[in-house]
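# Chain and residue survey
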Amino acid sequence: MRLSSKVLVPLLTLTCLAACRDEQAGPKQRTPRLPAPAQARTLDAAPADLTFRSGATFAGGTVVYLGSKVTPANAAPGEQVHLAHYFQATRPPPQGFGFFVHIIDAASGGMLVNADHEVQGGAAPLASWPVGKVIEDVHSVPMPPVPARVVLGFWRDDQRLPVDDPSAQDGSQRMLGPQLGGNAPDLPEYAVGRVKKAPTIDGVLNDAAWKDARPVVLVGSFDGRPARLRTEARLVYDDANLYVAFDIEDPDIWGTMRNRDDSIYEEEVVEIFLDANADGRTYNELQVSPHNVIFDAYFPARRQGMDRSWDSGMKTAVKVRGTLDNPSDKDEGWTVEMQIPFAHLAEVPHIPPQKGDRWRFNLYRLEHHQRRDVEGQAFSPLFIGDFHALPRFAWLSFQ
């Protein structure tokens, strides 16, 4: 649950993320400065067919962001789109600033793509821009699968060149650029049924309650693609508790942490996040490792005020099909049962939940393939490298 500043870069098949890392942008993920291959290309004016017009300025009017052109404007998710940005210096620009471009989720502000690069491949560093001429920078990014925003600007060490108009930036000196992406995929919903007889919390999923519960298979948390290893989950409830079961395919079951509230999210783990009053702010995070180590925390707002002293009161059990911590053999997997008391969760509208109550929640798994490559899985894909992306939480409807 640390609030790391690490940027998480999604790969096509793997997602490098952890439940409690914060991917919020830098400037980070900086590419090395390249030698200038040629003289900077300049224009007398920006093209007339800009798809986004700005006119906002940096550093007391020193640099004007004229706008950008996005082509094609309506690309399919994942298709490469060309971004052309246009700037003009009104007086000699400051020295030593690099250029950054971030593609962020429009709902949460989380990083989707870090597209930092040198202007014109290193040929046109900010300090070299001729006064009065227009500088064009062109690069490509994949079209996001969710509504997104381009934010851009200039950095030096740990500072950013100030944006003069507060309404033209995102609150962290990132100039607002064009919007990208289409409509976000619909949020999934899980109809959780009430059971008369609670499952026995022993890690064995042979109870009648589980046989009647709807199974769901987790998918890639970043892009919704099928995961490399299967994770199936079920939920039921009674008057006092929510019950969660995970069935995890895993050829190498391991973990090094043994103490409650250790940073088990840095290793292999399954998780549930619960926002009982669906306010998009207050929520609880509960995790279980293959060693049946638990982590639980309360948040009064997204990634703010994390309270590890909060006690979920949950009861858990794990059953391992294989050998723990032995990489020399091949395991089958592990199962988890969680019994979570409603009375301990934050801001529960009704105890017991009433038929028709709808919470926000998500289910997760972190798998370390070969104990190195991290894959994130989720019930509701997030499309960013952050398990705390509250706007992408699914719905939990009580039956």
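Criteria and cut-off values
- Residues numbered from 1 in each chain as written.
- Predicted model: local features only at pLDDT ≥ 70, side-chain atom pairs only at ≥ 80, totals over all residues.
- Heavy atoms only, no water.
- Phe/Tyr/Trp six-rings, centres within 6.5 Å; stacked < 30°, edge-to-face > 60°.
- Helix = DSSP H or I, 4+ residues; strand = E, 2+ residues; numbered from the N terminus.
- Buried < 20%, exposed > 50% of the residue type's maximum accessible area, 1.4 Å probe, protein only.
- Lys NZ or Arg CZ within 6 Å of the ring centre and 35° of its normal.
- Contact = heavy atoms within 4.5 Å.
- Polar contact = N/O pair within 3.5 Å; in protein donor to acceptor, adjacent residues only side chain to side chain.
- UniProt positions renumbered as here; feature names shortened; annotations may be inferred.
- Pairing = 2+ DSSP bridges.
- Salt bridge = Lys/Arg side-chain N within 4 Å of Asp/Glu carboxyl O.

By the naming in an unreviewed UniProt entry, the protein is Carbohydrate-binding family 9-like protein, taken from Pyxidicoccus parkwayensis.

## A closer look at the packing of aromatic side chains
Under the defined criterion, the tally for this structure stands at 21 aromatic pairs. With a centroid separation of 5.4 Å and an interplanar angle of 35°, the aromatic rings of Tyr65 and Phe87 are classed as tilted. Of this pair, Tyr65 sits in strand 3 (residues 63-71) while Phe87 sits in strand 4 (residues 80-89); the two residues are 22 residues apart in sequence, bridging distant segments of the chain. A single burial state applies to Tyr65 and to Phe87, both of which are buried. A cation sits over an aromatic face here: Arg358 above Trp395, 4.1 Å from the ring centre. Across from the ring centre of Trp395, 4.6 Å away, lies the NZ or CZ of Arg360, which sits over that ring.

## Quick look at the environment of Arg392
Among the structural elements, Arg392 can be located in the loop between strand 22 (373-378) and strand 23 (394-398). Distance in space between the C-alpha atoms of Arg392 and Ala184 is 9.1 Å, their sequence separation being 208 residues. Those residues in contact with Arg392 that lie beyond four places of it in its chain are Ala184, Pro185, Asp186, Leu187, Arg360, Asn362, Ser380, Pro381, Leu382 and Phe383. Among the polar contacts made by the side chain of Arg392, one reaches the main-chain carbonyl oxygen of Pro185 at a distance of 2.8 Å.

## Topic: the side chain of Thr282
Summarising the element assignment, Thr282 is placed in the loop between strand 16 (269-275) and strand 17 (283-288). One polar contact links Thr282 to Asn277, side chain to side chain, over a distance of 3.4 Å.

## A closer look at the UniProt feature "domain: Carbohydrate-binding" (unreviewed entry) in the protein
Following the UniProt record, the feature "domain: Carbohydrate-binding" (unreviewed entry) maps to residues 201-347 here. For residues 201-347, the end-to-end C-alpha separation is 25 Å, with 3% helix and 37% strand making up the annotated structure.

## Details of the pairing of strand 21 (residues 358-369)
Within strand 21, 11 of the 12 residues are buried, leaving the element largely enclosed by the surrounding structure. Here strand 16 pairs with strand 21 via seven bridges, running antiparallel. When the sheet's bridge partners are listed, Val270 is paired in strand 21 with Arg365. Pairing between strand 21 and strand 22: six bridges, direction antiparallel. In the strand pairing of strand 22, Tyr364 is matched with Ala378.

## Overview of the pattern of salt bridges
One side chain can pair with another of opposite charge once the charged atoms of both are near each other. Across all of its chains, the model carries 18 salt bridges by this definition. Two residues, Arg302 and Asp386, come together in a salt bridge whose shortest N-O distance is 2.0 Å. Pair noted here: Arg302 is in the loop between strand 18 (294-299) and strand 19 (315-321) and Asp386 is in the loop between strand 22 and strand 23, with a separation of 84 residues, a long-range link. Residue Asp386 is classed as buried on the basis of its relative accessible area, which comes to 0%. Through salt bridges that share partners, Arg260, Asp261, Asp296 and Asp311 make up one connected network.

## Quick word on unusual backbone geometry
Backbone phi values are negative for most residues with the exception of glycine, while trans is the configuration of most peptide bonds. In this chain, Thr71 is followed by Pro72 through a cis amide linkage whose omega measures -15°. Structurally, the position occupied by Pro72 is in the loop between strand 3 and strand 4. Omega for the bond connecting Ile351 with Pro352 falls within 30 degrees of zero, at -5°, which places this linkage in the cis form. In this fold, Pro352 is placed in the loop between strand 20 (333-341) and strand 21. In this structure, Asp325 takes a positive phi of about 65° despite not being glycine. Among the structural elements, Asp325 can be located in the loop between strand 19 and strand 20. Positioned with a positive phi, Glu347 is a non-glycine residue whose angle comes to about 50°. Residue Glu347 is classed as partly exposed on the basis of its relative accessible area of 43%.

## Some details on the pairing of strand 2 (residues 52-58)
Across five bridges, the pairing between strand 2 and strand 3 is antiparallel. Its bridge partner lying in strand 3, Thr57 is registered against Val64. Hairpin connection, strand 2 to strand 3: the antiparallel pair is bridged by four residues, and Ala59 has positive phi, about 50°.

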